[in-house]
Amino acid sequence: MDYLKILSSKYNMTEKWTRQGVTVLKSSDLYIQLIEPYHRTDFQYCLRADFPETFDRWGVALLEEEFVNDGGFLQVLEALDTFLKDKIIIIHDVLSKGMRSE
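Residues numbered from 1 in each chain as written. Predicted model: local features only at pLDDT ≥ 70, side-chain atom pairs only at ≥ 80, totals over all residues. Heavy atoms only, no water.

When you look at the pattern of salt bridges in this model, what are you seeing that I'm missing?
Opposite charge on two side chains allows them to pair when their charged atoms are near. Applying the stated criterion to the full structure yields 5 salt bridges. Across the pair lysine 87 and glutamate 53 runs a salt bridge whose closest N-O atoms are separated by 3.5 Å. Here glutamate 53 lies in the loop between β4 (45-50) and β5 (63-67) and lysine 87 lies in helix α3 (residues 87-96), a separation of 34 residues in the sequence. With a closest N to O distance of 2.6 Å, arginine 57 and aspartate 56 form a salt bridge. The class for arginine 57 is partly exposed, based on a relative accessible area of 47%. By sharing partners, the salt bridges in this structure join Asp29, Glu53 and Lys87 into a single network. (Salt bridge = Lys/Arg side-chain N within 4 Å of Asp/Glu carboxyl O. Helix = DSSP H or I, 4+ residues; strand = E, 2+ residues; numbered from the N terminus. Buried < 20%, exposed > 50% of the residue type's maximum accessible area, 1.4 Å probe, protein only.)

Is there a simple way to think about the pairing of strand β3 (residues 31-35) in this case?
Residues in a regular strand point their side chains to alternate faces of the sheet. Burial analysis of β3 places 5 of its 5 residues in the buried class, which makes it a mostly covered element. By the alternation rule, side chains of β3 split into Tyr31, Gln33 and Ile35 and Ile32 and Leu34, which are all buried. Between strand β2 (residues 22-26) and β3, which pair antiparallel in sequence order, lie 4 residues. Sheet analysis places β3 next to β4, joined by 5 bridges and oriented antiparallel. The residue of β4 that forms the bridge with glutamine 33 is arginine 48. (Pairing = 2+ DSSP bridges.)

What exactly am I supposed to notice about the packing of aromatic side chains here?
Think of a pair of aromatic rings as described by two things: how far the centres are apart, and how the planes are tilted against each other in angle. Tallied over the full model, the rule gives 8 aromatic pairs. Where tyrosine 31 meets phenylalanine 55, the ring centres are 5.4 Å apart and the plane angle is 75°; that geometry is what we call edge-to-face. Placement of tyrosine 31 in strand β3 and of phenylalanine 55 in the loop between β4 and β5 is noted, with a sequence separation of 24 residues between them. Given the relative accessible area of 24%, phenylalanine 55 is considered partly exposed. Ring pairing ties together the aromatic residues Tyr3, Tyr45, Phe67 and Phe73, which thus form one cluster. The residue whose ring lies beneath arginine 19 is tryptophan 17, and the NZ or CZ to ring-centre distance is 4.0 Å. The ring centre of tyrosine 31 lies 4.5 Å from the NZ or CZ of lysine 26, which sits over that ring. (Phe/Tyr/Trp six-rings, centres within 6.5 Å; stacked < 30°, edge-to-face > 60°. Lys NZ or Arg CZ within 6 Å of the ring centre and 35° of its normal.)

What am I meant to see in the packing of helix α1 (residues 3-10) against helix α2 (residues 70-85) here?
When two helices pack together, their arrangement is given by the angle between the helix axes and by the axis-to-axis distance. Contact pair α1 / α2: the axes reach a minimum separation of 12 Å and the direction vectors enclose 25°. As the angle between them shows, α1 and α2 are arranged roughly parallel. Along this stretch, α1 crosses α2, giving a crossing that reads as right-handed. Where α1 abuts α2, its residues Tyr3, Ile6, Leu7 and Lys10 lie against Asp70, Phe73, Leu77, Leu80 and Asp81. Taken together, the residues that form the contact of α1 with α2 break down as 6 nonpolar, no polar and 3 charged. (Axes fitted to C-alpha atoms, helices over the stretch in contact; angles between N-to-C directions. Parallel < 35°, antiparallel > 145°, perpendicular 65-115°, else oblique. Left-handed = near helix turned anticlockwise from the far one by under 90°. Contact = heavy atoms within 4.5 Å. Nonpolar A, V, L, I, M, F, W, Y, C, P; charged D, E, K, R; others polar.)

Here it is as structure tokens:
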């Protein structure tokens, strides 16, 4: 499966940059970072996601999921769909707690 192609198509995203196995995709509603497997991710893919309204840095992204195969990627897509569905609630909670600032 071409994970980047699927993410780009499903969420209408464009690739902002790719370096050393790390790719960042962005849209007006969502930021995604996909890290290819290597020793620091225990040889798993790592997908991080955040909203433009709450993004600070990738190390504190609101959603972080790891997967090793296509089945795991499909589960990550389900988690991402739920994350997007609950966007208004999540943003309100984060901003009201003062966890992020712009």
